[in-house]
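Architecture and fold: a report
Here is what each chain is made of, one letter per residue.
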Amino acid sequence: MASWTPSSSEEQFLCSICLEVFSEPVSTPCGHNFCKRCISQAWDTNVICKCPLCNRSFSIRPELCVNTLLSEVVSQAILEKRSRSMEDMSFFSEVQCDVCSEPKLKAVKSCLVCLSSFCESHLQPHLSAPRLKRHQLMEPVDNLEDRMCPKHNRLLELYCITDHEAICVVCSVVKHKNHTLVPLKEACEQEKVSLQQSVAENQRLVEQRRLKVQEITAALELSEREAQRETQQMVKVFSDIMESVQRCLDHHTKVLEQSLSKHKERAQALIQQLQQEMCELEKSSTEAQQLSLSTDPLHFLQRCPALPPAGLKDWSSVSFEPQTCEGSAARALSELETRLSQKINNVFREVPPKNQLRRVQTFAVDVTLDPNSAHPHLLLSEDLKQVHHTDVWMKLPDSPQRFTHHAMVLGKQSFSSGRFYFEVQVKEKTKWTLGVARESVNRKGEISLSPKNGFWTIILRDGEYIACDDSLVRLSPLRPPQKVGVFVDYGAGLVSFYDVDSADLLYSFTGCSFREKLFPFFYPGTNDGGTNSAPLIISAVETK
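This report concerns the structure included in the present document.

Reading the values: rules and limits
Residues numbered from 1 in each chain as written. Predicted model: local features only at pLDDT ≥ 70, side-chain atom pairs only at ≥ 80, totals over all residues. Heavy atoms only, no water. Helix = DSSP H or I, 4+ residues; strand = E, 2+ residues; numbered from the N terminus. Rg over C-alpha atoms; globule rule 2.2 N^0.38 Å. Buried < 20%, exposed > 50% of the residue type's maximum accessible area, 1.4 Å probe, protein only. Polar contact = N/O pair within 3.5 Å; in protein donor to acceptor, adjacent residues only side chain to side chain. Contact = heavy atoms within 4.5 Å. Pairing = 2+ DSSP bridges. Axes fitted to C-alpha atoms, helices over the stretch in contact; angles between N-to-C directions. Patch = residues over 30% accessible without salt bridge, like charges linked within 9 Å, V, L, I, M, F, W, Y side chains within 5 Å. Areas by Shrake-Rupley, 256 points an atom, 1.4 Å probe, with all protein chains shown as cover. Salt bridge = Lys/Arg side-chain N within 4 Å of Asp/Glu carboxyl O. Lys, Arg positive; Asp, Glu negative; His and termini not counted. Charge placed at Lys NZ, Arg CZ, Asp CG, Glu CD. Phe/Tyr/Trp six-rings, centres within 6.5 Å; stacked < 30°, edge-to-face > 60°. Lys NZ or Arg CZ within 6 Å of the ring centre and 35° of its normal.

A few points about the overall build of the protein
The number of helices and strands found in the protein is nine helices and 23 strands. Radius of gyration (C-alpha) of the protein: 51 Å, far over the 24 Å computed for a compact globule of 544 residues. Principal axes of the C-alpha set define a box for the protein whose edges measure 185 × 110 × 45 Å. Buried positions account for 31% of the 544 residues belonging to the protein.

Structure (structure tokens):
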């Protein structure tokens, strides 16, 4: 129902059920009007549909349609009512002349000396009388008393910047002596400038957060796509693996069954032959026993058989051992392991190296060198993107962050979650070390590059590429890398190194446990009389 209180002339727009202005007015067949919701609820609770005004009954519930004409009339009436209300509010918000008798006219100026507001007619003395011309006039305002100092009854025309308070001239001498004071108007202008600056700063912060939202949203979408792709890949791979396992099981089960079948056939053949000879022996024994009952000596002697019968097999040389299946499961598992290893290698070959590199390059970050951590023999470029070793010990302030025993330097940026990637040019260098290091690594004494000491690095020494894992791992790149990419997945405990040009994976540290901030780590190697003078250069990541 519409919220509106009509006058007596507007009672024709009231619903007789809810006594409020019609909301979706509908007409009954008897010609009376009600809110659609009101009449529908009334008929829902009664067995017989009746008109609430004339009590006319309807054997079939009438279909109610909104009375378009009445609805438009009601809407127009509501708009006119609201318009009149706004005009009344506007009228009463105007500043009225303090001199006029009823009805009061609209004031055009307020006098800060007289503390009164004047209409155009009553303002004339202030415009013509010399004494009144000196009064300060302003746009008409209410509550002029609030512009007076409550203690000294003087106009508030100064602003104390020290106490952030509007004051009068007397206050400036009595209470605010030696404070920074400016005219009220000047303070207002200054505050407006400051407010505009604050608004601009707020807008900058809003834009900063909007960009961050876009960044997070883009990263989330990328993560969802990657998760979906990897899920599909895993489903395919594991389905293939389960099929391989089933095929391997079926194969070895069949081999066992065939072997057992042949063993069973041999056993049955031997048993059959033995049973046949047993029958012959039993038959000859029966005949011999019958012959032994004979009383005719000649007949007995002529028929007496030779026992045992001739042609029997010598079974002492025949053996039949139980078939052993020991080792079948182990052989099956070994074969399955070989098959799965081949399948896993095939899976990795299915993902082109360039695709792997492009994927990690999406996590590229801007890395710069930290001068506060640089060894005194290291020279950093102005943009903090290059570093090389010099033979000059520079006078630098010592600090807990600075390496003082080995010519090393960390990146300025730290990472304690998520994934990040950066690239370093190692072209024309004969020695270098790259990777990441945790915040608490030793910076003052001897350093052993290994994960247990907080370093995950690969190095070039004497023409050999080595991964400094818990034990040294010699690497065999197809060609000397000119640019190395370093990728870290903090949550997964992964640090990987790539040859950027060939997109080959050089080495990965897996199963790492990160509990501190990680920093990019650089060691350009000693200058070696100029043979290793080329700098390490942090390069911008360019995806191809």
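Focus on the side chain of His389
As for its position among the elements, His389 is in strand β12 (residues 386-389). Polar contacts involving the side chain of His389 include one to the main-chain amide nitrogen of Asn527, which spans 3.1 Å. With residues up to four places along the chain from it excluded, the contact list for His389 reads His377, Leu378, Ala407, Pro524, Gly525, Thr526 and Asn527.

Some points on the sheet that holds strand β9 (residues 165-167)
Here three strands make up an open sheet; going across it, the order is β9-β8-β10 and the pairing antiparallel. Across the chains shown, the open sheet's two edge strands, defined by having one partner strand only, are β9 and β10 (181-183). In this sheet, neighbouring strand axes are inclined to one another by 35° on average, regardless of whether the strands run parallel or antiparallel. Where helix α6 (residues 184-291) meets the sheet, its contacts fall on β8 (158-160), β9 and β10, and the angle it forms with β10 comes to roughly 95°.

Observations regarding the sheet that holds strand β17 (residues 464-468)
Spatial ordering of the open sheet is given by β13-β22-β15-β16-β17-β18, a layout of six strands whose pairing is antiparallel. Strands with a single pairing partner mark the edges of an open sheet, and in this sheet they are β13 (409-410) and β18 (472-475). As defined by bridge partners, strand β16 (residues 455-461) adjoins β17 across four bridges and the pair is classed as antiparallel. Bridge assignment links Ile458 to a residue of β17, and that residue is Ala467.

Overview of a negative patch on the surface
A grouping of Asp98, Asp142, Glu145 and Asp146 is seen on the molecular surface, where their side chains present a negatively charged patch. Residue placement: Glu145 occurs in the loop between β7 (137-138) and β8.

Re the pairing of strand β14 (residues 419-425)
Extensive coverage of β14 is indicated by the burial of five of its seven residues. Pairing analysis gives seven bridges linking β14 to strand β19 (residues 483-489), with the strands arranged antiparallel. Bridge assignment links Phe420 to a residue of β19, and that residue is Val488. Pairing between β14 and strand β23 (residues 536-539): three bridges, direction antiparallel. Across the sheet, residue Val424 finds its bridge partner in β23, namely Ile538.

Some words on the packing of aromatic side chains
Scanning the entire structure with this criterion turns up eleven aromatic pairs. Arranged with centres 5.0 Å apart and planes meeting at 80°, the rings of Tyr507 and Phe509 form a pair that is edge-to-face. Tyr507 sits in the buried class, given a relative accessible area of 15%. Judged by relative accessible area, Phe509 falls into the buried class, the value being 2%. These aromatic residues form a ring-pair network of at least three members: Phe403, Phe455 and Phe521. Across from the ring centre of Trp315, 4.9 Å away, lies the NZ or CZ of Lys313, which sits over that ring.

A look at the pairing of β17
Both faces of the sheet carry side chains from a regular strand, because those side chains alternate between them. Within β17, four of the five residues are buried, leaving the element largely enclosed by the surrounding structure. The turn joining β16 and β17, which pair antiparallel and follow one another in sequence, is formed by two residues; a positive phi near 50° is taken by Asp462. Counted along the chain from β17 to the antiparallel partner β18, the turn is three residues long.

A closer look at unusual backbone geometry
With an omega dihedral of -5°, the bond running from Glu102 to Pro103 counts as a cis peptide bond. Turning to its location among the elements, Pro103 is positioned in the loop between α2 (68-93) and β5 (109-111). Positive phi values are uncommon outside glycine, yet Leu384 reaches one of about 60°. Here Asp462, not a glycine, exhibits a phi torsion of approximately 50°, which is positive. Along the chain, Asp462 falls in the loop between β16 and β17. Under the relative-accessibility criterion, Asp462 is labelled exposed at 74%.

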